[in-house]
Amino acid sequence: MTSNLLISFKLNGNEVQVDSAPDRRVIDLLREDLGLTGTKESCGRGDCGACSILIDGDQRLSCLMLAVQLEGREMITIEGFSLQEDRLSNVQQKFIELGAAQCGFCTPGMVISATALLRVNPEPSRSEVRQAISGNLCRCGAYQKILDAIEAASKEKTKL
Amino acid sequence: MTDIFLPSDLDELWRLLNIKPEAALYAGGTDLLVKRRSGLIDPPSLVCLERIQELKGVKECGDEVFVGALTTHSELLSHRVIRKHFPVLIQAIAVLGSPPVRNMGTIGGNIVTASPAGDTLAPLYVLDAQMEIRSLSSSRRVPISAFILGPGQIDLGQGEILAGVWIKRHQGFRLQHYEKVGRRNALACSVVSMAAIMRVSSDNRIYEIRLAWGSVGPTVMRFPEVERLLEGKPLTVDGLNDVIELVHAGIKPIDDIRATASYRREVAGRLLHRLINYST
Ligand SMILES: Cc1cc2nc3c(=O)[nH]c(=O)nc-3n(C[C@H](O)[C@H](O)[C@H](O)COP(=O)(O)OP(=O)(O)OC[C@H]3O[C@@H](n4cnc5c(N)ncnc54)[C@H](O)[C@@H]3O)c2cc1C
Ligand code: FES
Ligand code: FES
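First, a word on scope: everything that follows refers to the structure included in this document. Owing to the predicted nature of the structure, the values given are computational and were not obtained by experimental measurement. (Residues numbered from 1 in each chain as written. Chains lettered and ligands numbered in written order. Predicted model: local features only at pLDDT ≥ 70, side-chain atom pairs only at ≥ 80, totals over all residues. Heavy atoms only, no water.)

### Digging into the packing of aromatic side chains
Residues and elements named next belong to chain B. Note the following rule: Within 6.5 Å between ring centres, the rings of Phe, Tyr and Trp (the latter by its six-membered ring) count as paired, and their orientation is classed by plane angle as stacked under 30 degrees, edge-to-face over 60, tilted in between. A helix here means a DSSP run of H or I that spans at least four residues, while a strand means a run of E at least two residues long, and both kinds are numbered starting from the N terminus. The buried label goes to any residue with under 20% of its type's maximum accessible area, the exposed label to any with over 50%, and the partly exposed label to all in between, with areas taken from a 1.4 Å probe on protein chains only.
All chains considered together, the criterion is met by 2 aromatic pairs over all chains. Centroid distance F66 to W166: 4.9 Å. Interplanar angle 50°. Geometry classified as tilted. One end of the pair, F66, is in strand β5 (residues 64–68); the other, W166, is in strand β10 (residues 161–168), with 100 residues separating them in the sequence. Take F66 and W166: they sit in the same class, and that class is buried.

### Observations regarding the nonpolar core
For the record, the criterion: As used in this record, nonpolar core signifies buried Ala, Val, Leu, Ile, Met, Phe, Trp, Tyr and Cys residues forming a set joined through side-chain atoms within 4.5 Å. The start and end points of each domain follow an automatic or database-based domain assignment. We call two residues in contact when some of their heavy atoms are within 4.5 Å.
In terms of nonpolar packing, the biggest core is built from 40 residues, with I82, I111, L124 and M131 of chain B touching the most fellow members. Inspection of this core shows a minimum of three residues originating in each of domain 2 (54–168) and domain 3 (175–278) of chain B. Beyond its immediate stretch of four places on either side in the chain, I111 of chain B contacts T120, L121, L124, M131, I144, F147, I148, I154, L162 and V165 of chain B. Residues V26 and L30 of chain A together with A24 and L96 of chain B belong to the second largest nonpolar core, which totals 32 residues.

### Observations concerning the interface of chain B and chain A
Put simply, the rule is: We define buried area as the total accessible area lost by two parts upon association, computed with a 1.4 Å probe and summed across both. Basic side-chain nitrogens of Lys or Arg form a salt bridge, by our definition, when they fall within 4 Å of a carboxyl oxygen of Asp or Glu. In protein, a polar contact means a hydrogen-donor-capable atom and an acceptor-capable atom, both N or O and within 3.5 Å, with residues adjacent in sequence counting only if both atoms are side-chain atoms; elsewhere, any N or O pair within 3.5 Å suffices. Classification convention: Asp, Glu, Lys, Arg as charged; Ala, Val, Leu, Ile, Met, Phe, Trp, Tyr, Cys, Pro as nonpolar; all other residues, Gly among them, as polar.
Contact with chain B, which involves 27 residues of that partner, is made by 30 residues of chain A. When chain B packs against chain A, close to 2400 Å² is buried across both sides, 58% of that on carbon and sulfur atoms. The closest approach of N and O atoms between E41 of chain A and R37 of chain B, which form a salt bridge, is 3.9 Å. Taken together, chain B and chain A are joined by 9 residue pairs in polar contact (both at pLDDT 80 or more). Ranked by residues supplied to the side of chain B that touches chain A, first place goes to helix α6 (residues 99–104) of chain B with 6 residues. Broken down by class, the residue content of the side of chain B that touches chain A amounts to 14 nonpolar, 6 polar and 7 charged.

### Focus on the site of ligand 1
We apply this condition: Nearness here has a simple test: a residue counts as near a molecule or strand if at least one of its heavy atoms is within 4 Å of that partner. Here the Shrake-Rupley method, with its probe set to 1.4 Å, supplies the accessible areas, and only the displayed protein chains count as covering residues.
Surrounding ligand 1, one finds 33 residues, the nearest of these being L25, A27, T30, D31 and T106 of chain B. In this structure, ligand 1 is bordered by residues of chains A and B. T106 of chain B has a polar side-chain atom sitting 2.6 Å from an oxygen atom of ligand 1. Alone, ligand 1 offers 980 Å² of accessible surface; in the complex the protein occludes 90% of this. Among the elements that take part in the shell around ligand 1, helix α7 (residues 107–113) of chain B stands out by supplying 4 residues, more than any other. Within the shell around ligand 1, the residues separate by chemical class into 16 nonpolar, 12 polar and 5 charged.

In structure tokens form, the structure reads like this:
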């Protein structure tokens, strides 16, 4: 029989240790054990991008990662964006200003994709932005406004 | 709860495989964890390979390039050597899944999954890639066409892993092409795909060509007789039309939720016409 494991990693800037079943999905660890419900689960199989997180700066899907894989890593969830300096990130701000959320369920994942893009490509073309969110589904069909918001963010001096 | 291990190097992996021979391996988990979640498999223990540095990255060794099995699709996409020598592989990876799937998924996982729709496979077939299989005590090399035996079936024994892929660097195929037809552009499993690499002379004759189709049979399919017929012919619609019958006769498409067999047959032939774009 397997027992829980103490897993150490950095979560939104803070060193944490969690006591978890090693095969717990990261999405469950976040939402149910740590109360961080900003990260959403929709498909649970990699198709929708709602569960996106950043691991060491790269976008990953928390529905397809197991808790043990967090050991020693740095994870940023959507909650981590607004903690710094007590304000929303520029990308989040543009989503609000340009009305890029309808129901809002896909928004955290979209913001993660946009942020991952702007980190490596601060001045993307429209088609590069489309590419970057090609793993995120929006059931409300707010894609055009989402693209607008990401483009607007890329035009600011502080992009992220 | 399932036992799960995270070996940090090969020595630790071999020790684990010795005491847990029944464990299922995973790298990015984008195939295995989906199957586990949907109840298709329920392995008693899991070994996550992601930390084994020895099997990660691209190495140039003489006239060959070694791609570690644990190299992610995103790493390959931005790799100078792969971009320079194997554009057909780059074109295929660019349409595999989505950015996060490419950040997690590995080339080794794509090969071992051995889906007829696996996007890296047709390029690896035309490039005559060799698989390096390792175990604690042995290492062997097999061409990809001998490694993949059928859908999800591979030549991998107890205690063996796929260590990586060897590809010859200077094969002289300046024109390289991959196209997949799916139900949508992103996150789409292929309905039919085709990889082609060729040398075309300045008077537009096909000098040498290798072709492979995905999703039209139990494995990726190549037809040496089609390639031989095309060699020496001009790269024209008529020239390509001459072999379409043979392609249709060779492929073994099936009806499934994505497309019918007859649609696949039609598209498999039509994809050849795209090569006209490379005529001189
Ligand atoms: C949303 C989504 C979209 C996708 N789209 C595509 C697509 O467009 N095209 C495509 O081809 N695929 C696609 N896939 C499938 C998958 O992402 C790829 O096949 C990927 O390359 C698998 O790699 P992995 O490392 O995640 O494999 P894993 O899931 O980790 O492993 C897959 C299998 O390979 C075995 N394995 C892995 N590495 C080794 C090794 N080194 N030695 C021995 N065995 C090993 C595992 O035991 C397992 O059986 C998609 C998947 C998802 C979830
Ligand atoms: S919930 Fe993870 S990709 Fe849909
Ligand atoms: S805003 Fe509702 S799913 Fe995108």
